[in-house]
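The lines below spell out each chain.
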Amino acid sequence: MAELNSLIGLGKAKKQVDAFIAVHAMNVMRKKENLPPINIGLHLVFTGSPGTGKTTVARLIGRLYKAIGLLEKGEMVEVDRADLVSGFVGQTATKTQGKIAEADGGVLFIDEAYSLAADTGSEHGFGDEAISTLVKAMEDKRDKFAVIVAGYSDDMDNFIKSNKGLKSRFQTFIEFEDYSF
């Protein structure tokens, strides 16, 4: 948290991350006392313009998760649409599963995730195949890795609406405000 707090700006995002991490830290303590956890997932949606610190904070989230005992490695694997989607039927799921496996124990950060939803419902809905593969892994491995998706606010809203499973898996949205002079 000290590293996050040392970053310039990010006031609103810092407060949201601090509260989010505090709940997870409390859940770790609750688990040790055999108390039920507060239901909050590891997966996050970062919204905001380019250059507002989303990638930097995603790296820190992975390390924070590891520090409080939520994830084994805490390292971040950064991908975009091209890293998940293939041009041929059936290959997208395999490609997406490969990146999920690479992120196991850490964070899978999908920059401009809304681009996956751009072709859903089309004849060649390979983005939809990537999203479906991701949703299944987010459920099957919910305590083994975290997914952080990032992009513009309106576009990310459309992304979450593109697959019914995304809404229940992404419970926490963190807004990154533009810098001002």
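Residues numbered from 1 in each chain as written. Predicted model: local features only at pLDDT ≥ 70, side-chain atom pairs only at ≥ 80, totals over all residues. Heavy atoms only, no water.

Draft legend 1. Spatial organisation of the side chain of Asn-163. Relative to the helices and strands, Asn-163 is located in the loop between helix H7 (153-161) and helix H8 (164-169). The buried category is assigned to Asn-163, whose relative accessible area is 16%. When residues no more than four places from it in sequence are discounted, the contact partners of Asn-163 are Ile-131, Ser-132 and Val-135. (Helix = DSSP H or I, 4+ residues; strand = E, 2+ residues; numbered from the N terminus. Buried < 20%, exposed > 50% of the residue type's maximum accessible area, 1.4 Å probe, protein only. Contact = heavy atoms within 4.5 Å.)

Draft legend 2. Inspection of the nonpolar core at higher detail. Grouped together as the largest cluster of nonpolar side chains are 28 residues, with contacts concentrated most on Leu-108, Ile-110, Leu-116, Val-147, Val-149, Phe-159 and Phe-170. Within the residue set of this core, elements represented by two or more residues are strand E2 (76-79), strand E3 (107-111), helix H6 (126-140), strand E4 (146-151) and H7. A total of seven residues in this core trace back to one element, the largest contributor, which is H6. When near neighbours in sequence (up to four residues on either side) are disregarded, Phe-159 contacts Ala-113, Tyr-114, Leu-116, Ala-117, Ile-131, Val-149, Leu-166 and Phe-170. Listed in part, the 24 residues of the second largest apolar core include Ile-21, Tyr-65, Met-76 and Phe-176. (Core = buried A, V, L, I, M, F, W, Y, C linked by side-chain atoms within 4.5 Å.)

Draft legend 3. The layout of surface pockets, seen in detail. In this model, the largest pocket occupies a volume close to 700 Å³. Taken together, the elements giving at least two residues each to the lining of the largest pocket come down to helix H2 (11-32), H6 and H8. Among the elements that make up the lining of the largest pocket, the one with the highest residue count is H2 (four residues). Among the residues making up the lining of the largest pocket, the classes are represented as nine nonpolar, nine polar and seven charged. (1 Å grid on protein atoms, 1.4 Å probe; cavity = no way out; pocket = protein on both sides within 12 Å on 5 of 7 lines; lining within 4 Å. Points joined across faces, edges and corners; volume = space filled by probe spheres on them. Nonpolar A, V, L, I, M, F, W, Y, C, P; charged D, E, K, R; others polar.)

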